[in-house]
Amino acid sequence: MGRSSSGIVAGLTAAALAAVGFLGYQASATAPPPSAQGAAPSAAPSAEAPAPAPGPAKPNAVPADSGTGTRVVYSAALKRVWLVTEDGKEPRTFTVVPSTVHPKPGTYLVNSRSNAVTGSDGVPVEHVVRFATAEGSGVVIGFSARTDGKLPEPDPTRKTGGIRMTRADGDAMWAFATINSKVVVVP
């Protein structure tokens, strides 16, 4: 390129930068100030950006098919327990480690409790709340907490009925599920 070509390119570049600067100034001058909007403006979503996928309203909501009233709801598949009061509002919910023998879905009543015993797996447990006996095997099923605070998966070669939880959750279960309290087992 010669000198005249360089001058033209430089002139066009300067004109383009001036135009971009002017358009930027014009856009900022016509935008409402952040204080008029009540908050700082947010970036407009791109027309090509996909809408976020709707998530569950309450990820740990009490299962709809679990009945009504005061009850303990247990799902082995979800590894979760809900302590539901009469009004059903804000139930305490927590994860558990299911036993190797599972109760069939249905409604049960707490039939015995023990403050501290040795579990069917030979581990000291506390706050044992029993509610079912598995058909055929005679394995007693209930909630409990290991006194050492551990939550390992049960030995799959042993038939055990202890649904394990943390000691704090065991304390809550012990206070909530007294004799004849309803336990609803859902899939």
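How each quantity is defined
Residues numbered from 1 in each chain as written. Predicted model: local features only at pLDDT ≥ 70, side-chain atom pairs only at ≥ 80, totals over all residues. Heavy atoms only, no water. Phe/Tyr/Trp six-rings, centres within 6.5 Å; stacked < 30°, edge-to-face > 60°. Helix = DSSP H or I, 4+ residues; strand = E, 2+ residues; numbered from the N terminus. Buried < 20%, exposed > 50% of the residue type's maximum accessible area, 1.4 Å probe, protein only. Lys NZ or Arg CZ within 6 Å of the ring centre and 35° of its normal. Core = buried A, V, L, I, M, F, W, Y, C linked by side-chain atoms within 4.5 Å. Contact = heavy atoms within 4.5 Å. Pairing = 2+ DSSP bridges. Axes fitted to C-alpha atoms, helices over the stretch in contact; angles between N-to-C directions.

**Quick notes on the packing of aromatic side chains**
And step 1. Summed over all chains, the structure comprises three aromatic pairs.
And step 2. Ring plane angle 85 degrees and centroid distance 5.7 Å describe the contact between tyrosine 74 and phenylalanine 143, whose orientation is recorded as edge-to-face. With a gap of 69 residues between them, tyrosine 74 in strand β1 (residues 71-75) and phenylalanine 143 in strand β7 (residues 140-146) connect regions that are remote in the sequence.
And step 3. Overall, the relative accessible area of 0% leaves tyrosine 74 in the buried class.
And step 4. By relative accessible area, which is 0% here, phenylalanine 143 ends up buried.
And step 5. With a centroid separation of 5.7 Å and 70 degrees between ring planes, the pair formed by tyrosine 108 and phenylalanine 131 is classed as edge-to-face. Remark: phenylalanine 131 occurs in strand β6 (residues 124-133) and tyrosine 108 occurs in strand β4 (residues 106-109); sequence separation between them is 23 residues.
And step 6. On the basis of relative accessibility, which here comes to 2%, the residue phenylalanine 131 falls in the buried class.
And step 7. Just above the ring of tryptophan 174 sits the side chain of arginine 113; from NZ or CZ to the centre is 3.7 Å.

**Digging into the nonpolar core**
And step 1. Membership of the largest hydrophobic core comes to 24 residues, with the highest contact counts inside it found for Val72, Tyr74, Val81, Phe131, Phe143 and Met173.
And step 2. Among the elements of the structure, β1, β2 (80-84), β6, β7, β8 (162-165), α3 (167-176) and β9 (182-186) are those that each provide at least two residues to this core.
And step 3. Not counting chain neighbours up to four residues away, the residues in contact with tyrosine 74 comprise Arg80, Val81, Val96, Pro98, His102, Pro103, Phe143, Ile163, Val184, Val185 and Val186.
And step 4. One finds Val73, Trp82, Val84 and Val186 within the second-largest nonpolar core, a separate group that totals five residues.

**A closer look at unusual backbone geometry**
Note: most peptide bonds trans; most residues except glycine with negative phi.
And step 1. We note that lysine 79 has phi near 55 degrees; this positive angle belongs to a residue other than glycine.
And step 2. If you check the backbone angles, asparagine 180 has positive phi at about 70 degrees while not being a glycine.
And step 3. Relative to the helices and strands, asparagine 180 resides in the loop between α3 and β9.
And step 4. Residue asparagine 180 is classed as exposed on the basis of its relative accessible area, which comes to 55%.

**Side note on the sheet that holds β1**
And step 1. The five strands are arranged β3-β2-β1-β9-β4 in an open sheet whose pairing can be described as mixed. In this open sheet, the two strands that pair with only one neighbour each are β3 (92-95) and β4. If you compare each strand with its neighbour and ignore which way they point, the axes differ by 20 degrees on average.
And step 2. Pairing between β1 and β9: four bridges, direction parallel. When the sheet's bridge partners are listed, serine 75 is paired in β9 with valine 186.
And step 3. Contacts from α3 reach β1, β2 and β3 within the one sheet, and its direction differs from that of β3 by about 135 degrees.

**Some thoughts on the pairing of β6**
And step 1. Most of β6 sits out of view: eight of its ten residues are buried.
And step 2. Taken together, the six bridges between strand β5 (residues 112-118) and β6 define a ladder with antiparallel strand orientation. In the strand pairing of β6, threonine 118 is matched with proline 124.
And step 3. In this antiparallel pair of consecutive strands, β5 and β6, the connection spans five residues, and glycine 122 shows a positive phi of 85 degrees.
And step 4. Relative to β7, β6 runs antiparallel, the two sharing six bridges.

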